[in-house]
Amino acid sequence: MQIVHVLGLSVYIMLQMAVRAEQRVGQPVLPGDVLLMPLQEGEQEEEENSALLALRVPSQTRLRMTCGPGLRQRGGSVLVTRSGILCHRIPVLYWVDSQQKRYVPVKGDHVIGIVTAKSGDVFKVDVGGSEQASLSYLAFEGATKRNRPNVQVGDLVYGQFVVANKDMEPELVCIDSCGRAVGMGVFGHEGLLFKVSLGLVRKLLAPQGEIIQELGKIYPFEIVIGMNGRIWVKAKTTQQTLIVANILEACEHMTAEQRKQVFAKFSDNMM
Amino acid sequence: MDRDCCLRVFACEQNLLSRPDGSASFLQGDTSVLAGIYGPAEVKVSKEIFDKATLEVILKPKIGLPAVQEKNQEQIIRNTCEAVVLATLHPRTSITIVLQVVSDAGSLLACCLNAACMGLLDAGLPMKSLFCGVTCALDSERGIILDPTDKQEKESRALLTFAIDSLEKKVLMITSRGSYSIEELQQCIATSQKAADKLFQFYRDSVSRKYSKS
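Residues numbered from 1 in each chain as written. Chains lettered and ligands numbered in written order. Predicted model: local features only at pLDDT ≥ 70, side-chain atom pairs only at ≥ 80, totals over all residues. Heavy atoms only, no water.

Peer 1: What's the story with the interface of chain B and chain A in this structure? I'm lost.
Peer 2: The interface of chain B with chain A comprises 43 residues on the first partner and 37 residues on the second. Where chain B abuts chain A, roughly 3500 Å² becomes buried across the two surfaces, and 56% of that area is made up of carbon and sulfur atoms. Considering only the side of chain B, the residues that lose the most area to chain A are Leu167(B), Arg204(B) and Tyr211(B), jointly responsible for 19% of the buried surface there. For the pair chain B and chain A, the number of links is three salt bridges. The salt bridge involving Arg102(A) is made with Asp21(B); its shortest N-O contact spans 2.9 Å. At the level of elements, β3 (31–41), α2 (108–123) and α4 (182–212) of chain B are the ones that each hand at least two residues to the side of chain B that touches chain A. Of the residues forming the side of chain B that touches chain A, the biggest block, ten residues, is contributed by α4(B). Taken together, the residues of the side of chain B that touches chain A break down into 19 nonpolar, 13 polar and eleven charged. (Contact = heavy atoms within 4.5 Å. Buried area = accessible area lost by both parts, 1.4 Å probe. Salt bridge = Lys/Arg side-chain N within 4 Å of Asp/Glu carboxyl O. Helix = DSSP H or I, 4+ residues; strand = E, 2+ residues; numbered from the N terminus. Nonpolar A, V, L, I, M, F, W, Y, C, P; charged D, E, K, R; others polar.)

Printed below as a string of structure tokens:
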């Protein structure tokens, strides 16, 4: 009797936990949370009747949902696999935005790598992932078999992943599909490289993020931001470089108002 | 079933270490464990598994070198984590969980499991569900004692530690010492599942607090 009762309890809990995905947008989710796929317009009223009924609605009537990082499809529902804030973009793109420190290569990401070895016709580049990325010497602007790029061990490179999946060695290039550098390549013989969390990098690079612009009003500086959590900055003097680096690190847990106050204080000091 | 589950006061802090990819410290009464998680990181060729991540648990005692008991507990924690972590998403990498015992005042294994889960959450490693550890002590007079202290553990007739997952409240792991009947085992499981609800709610609250800052 006891076991039957316990099993009944657990099934009840599962049904209770399954919430429609759109109701959890902007809220923190944890691994093991079950989300129901969003419904089409006409289905809304039917859904109102009973949550249990919704579970049995065949999945083909639901919209095709795209699961981003931190979500996995499991039958007719979606399982959260990572803790973070559930985000949504029109039409039905869902993902979990989490704060991490370890980078996992993703195709198309722009990253800052450190050249660790030269072997034959490829460079080995440390990008902070589980494996070193390879970078062909031909993947630089204007490089030919005879005209090799001048890359030394220890140099910083800004490149883009063309191959990045869990089963293969990641591959970087420093040119776009037309063979132009568009800002990529070896850089930074001066300046400061430091590591921040991946959440902060995404915040800095977000289209509506104004941190860099606001900071640029205080000092002129050069900055390179890699999706792998590495940031390189260079200002006029070493002191200014350090200040910029410290402000960027501090921005992680500041709200927009707090940030404005800090920036205002700095601008006053500069006068 | 109607027994009210009285766990000791528990507390947790996430992301308190700067070097590891994820870290957490978990307190249960006077028992405290600090967890550091590294991964998915580079793996030694000898330990590489071609289709999944290599999970490694290192348990450091408060004083002295790890002995047989620690090695046994490492194995138990490793097996529990392996049941929950989606290791196939990061093949040929290593996930290392380092657990440092800060103070031991009973229910140490349960506290280690909780610290490991909070650390894995902080590191953002993919998991099927959460898990928690609950220890039950069986006493001849008072029946089941949840989350026993050092003294209660010593006086108990039997001591059972469970790992419970959050998805279906299923038992992931049982380790026990002493003698107990099947009914007592089932009662212990039911009590632990109730306690697990409290712990999972606490996990949710602490993660919400972490993400409310940004």
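Peer 1: For this particular structure, what's the right way to read the side chain of Ser107(B)?
Peer 2: Residue and element names in this part refer to chain B. Inspection of the secondary structure puts Ser-107 in the loop between β5 (94–103) and α2. Among the polar contacts listed, one links the side chain of Ser-107 to the side chain of Arg-8, at a separation of 3.5 Å. If we ignore the near neighbours within four places in the chain, the residues touching Ser-107 are Arg-8, Gln-28, Thr-31, Thr-135, Asp-147, Pro-148 and Glu-153. (Polar contact = N/O pair within 3.5 Å; in protein donor to acceptor, adjacent residues only side chain to side chain.)

Peer 1: It is not clear to me how the packing of aromatic side chains should be interpreted in this structure. Could you clarify?
Peer 2: In this description, a pair of aromatic rings is defined by centroid distance and the angle of the planes. Here the structure, examined in full by the defined rule, presents seven aromatic pairs over all chains. Between the aromatic rings of Tyr103(A) and Phe161(A), the centroid separation amounts to 6.3 Å while the plane-to-plane angle is 20°, which identifies the pairing as stacked. Of this pair, Tyr103(A) sits in the loop between β8 (93–97) and β9 (110–119) while Phe161(A) sits in strand β12 (residues 156–163), and the two are 58 residues apart along the sequence. One exposure class covers both Tyr103(A) and Phe161(A), and it is buried. A centroid spacing of 5.3 Å and a plane angle of 85° characterise the contact between Phe187(A) and Trp232(A), whose relative ring orientation is edge-to-face. On the criterion of sequence distance, the pair formed by Phe187(A) in strand β14 (residues 185–187) and Trp232(A) in strand β17 (residues 230–235) is long-range, its members being 45 residues apart. The same class applies to Phe187(A) and to Trp232(A), which are both buried. Chaining the aromatic ring pairs together yields one cluster made of Phe10(B), Phe26(B), Phe200(B), Phe202(B) and Tyr203(B). Here the guanidinium or amino end of Arg148(A) rests over the ring plane of Tyr137(A), the centre of that ring lying 3.9 Å away. (Phe/Tyr/Trp six-rings, centres within 6.5 Å; stacked < 30°, edge-to-face > 60°. Buried < 20%, exposed > 50% of the residue type's maximum accessible area, 1.4 Å probe, protein only. Lys NZ or Arg CZ within 6 Å of the ring centre and 35° of its normal.)

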